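Letter by letter, the chains look like this.
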Amino acid sequence: MSAPFAAKRLGKELQKISNSLPPGIELVSADNFEEWLLDIRVLDDNPLYRNEIYRLRFRFSSTYPIEPPEVVFVKLPDRPIPIHPHIYSNGIICLDLLGHQGWSPVQNVESVCMSLQSMLTGNSKNERPPGDEEFVRGNRLRPRDIEFYYHDNDV
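Owing to the predicted nature of the structure, the values given are computational and were not obtained by experimental measurement.

## A few points about helix α2 (residues 109-121)
In this model α2 runs 18 Å from its N-terminal to its C-terminal C-alpha over 13 residues, within 8% of the 18 Å that 1.5 Å per residue would give. Burial in α2 covers these residues: V109, E110, S111, V112, C113, L116, Q117, M119 and L120. On its buried side, α2 packs onto α1 (4-19), β1 (25-29), β2 (35-40), β3 (54-59) and β4 (70-74). Residue N108 occupies the N-cap position of α2, its side-chain oxygen lying 3.0 Å from the main-chain nitrogen of E110.

## A short note on the pairing of β2
Taken across its six residues, β2 has five buried, putting it largely inside the fold. Relative to β2, β1 runs antiparallel, the two sharing four bridges. Its bridge partner being in β2, L27 is matched across the sheet by L38. Between the end of β1 and the start of β2, which pair antiparallel, lie five residues.

## Concerning the environment of S61
Within the element layout of this structure, S61 appears in the loop between β3 and β4. C-alpha of S61 to C-alpha of F33: the two residues are 28 residues apart in sequence and 8.8 Å apart in space. One polar contact links S61 to T63, side chain to side chain, over a distance of 2.7 Å.

## Looking at the packing of aromatic side chains
In this structure the tally under the stated criterion is six aromatic pairs. Between F60 and Y64, the ring centres sit 5.0 Å apart and the planes meet at 65°, which makes this aromatic pair edge-to-face. Classification of Y64 by relative accessible area gives buried; the value is 1%. Through a chain of ring-to-ring contacts, three or more aromatic side chains come together here, namely W36, F58, F60, Y64 and W103.

Reading guide: rules and limits
- Residues numbered from 1 in each chain as written.
- Predicted model: local features only at pLDDT ≥ 70, side-chain atom pairs only at ≥ 80, totals over all residues.
- Heavy atoms only, no water.
- Helix = DSSP H or I, 4+ residues; strand = E, 2+ residues; numbered from the N terminus.
- Expected span 1.5 Å × (residues − 1).
- Buried < 20%, exposed > 50% of the residue type's maximum accessible area, 1.4 Å probe, protein only.
- Contact = heavy atoms within 4.5 Å.
- Polar contact = N/O pair within 3.5 Å; in protein donor to acceptor, adjacent residues only side chain to side chain.
- Pairing = 2+ DSSP bridges.
- Phe/Tyr/Trp six-rings, centres within 6.5 Å; stacked < 30°, edge-to-face > 60°.

See below:
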């Protein structure tokens, strides 16, 4: 990443989140201004997510924060992909906040993590998005290049 504005903004965010993050969010690594890893937990007693920790990967372009980061869940032996009607089994998240239409430069890594925590907390459906298998099998686009149709605000 070469854009000085993006690096300056990410430097400020990293300094802030290194000192304090909301409960249930933990910085795992931020070795550069291109990719960060964070873990999140759902804090309420939602049985779908009880005792689970989920890994998020943030990738930043040189145009951050004007453009949103690319955010996906990463599957590891001890970090599953959460089951949710807006989260594909490959970790891609269908959330307007992460798209160009819903993103605002006032958002940041912390606010994205909190939005995802909230999205999981409010979910009661133990299901993947419709067409998950076909999407995962056929998708060759990066998450930032996918044009999702946001039609379900009930989940």
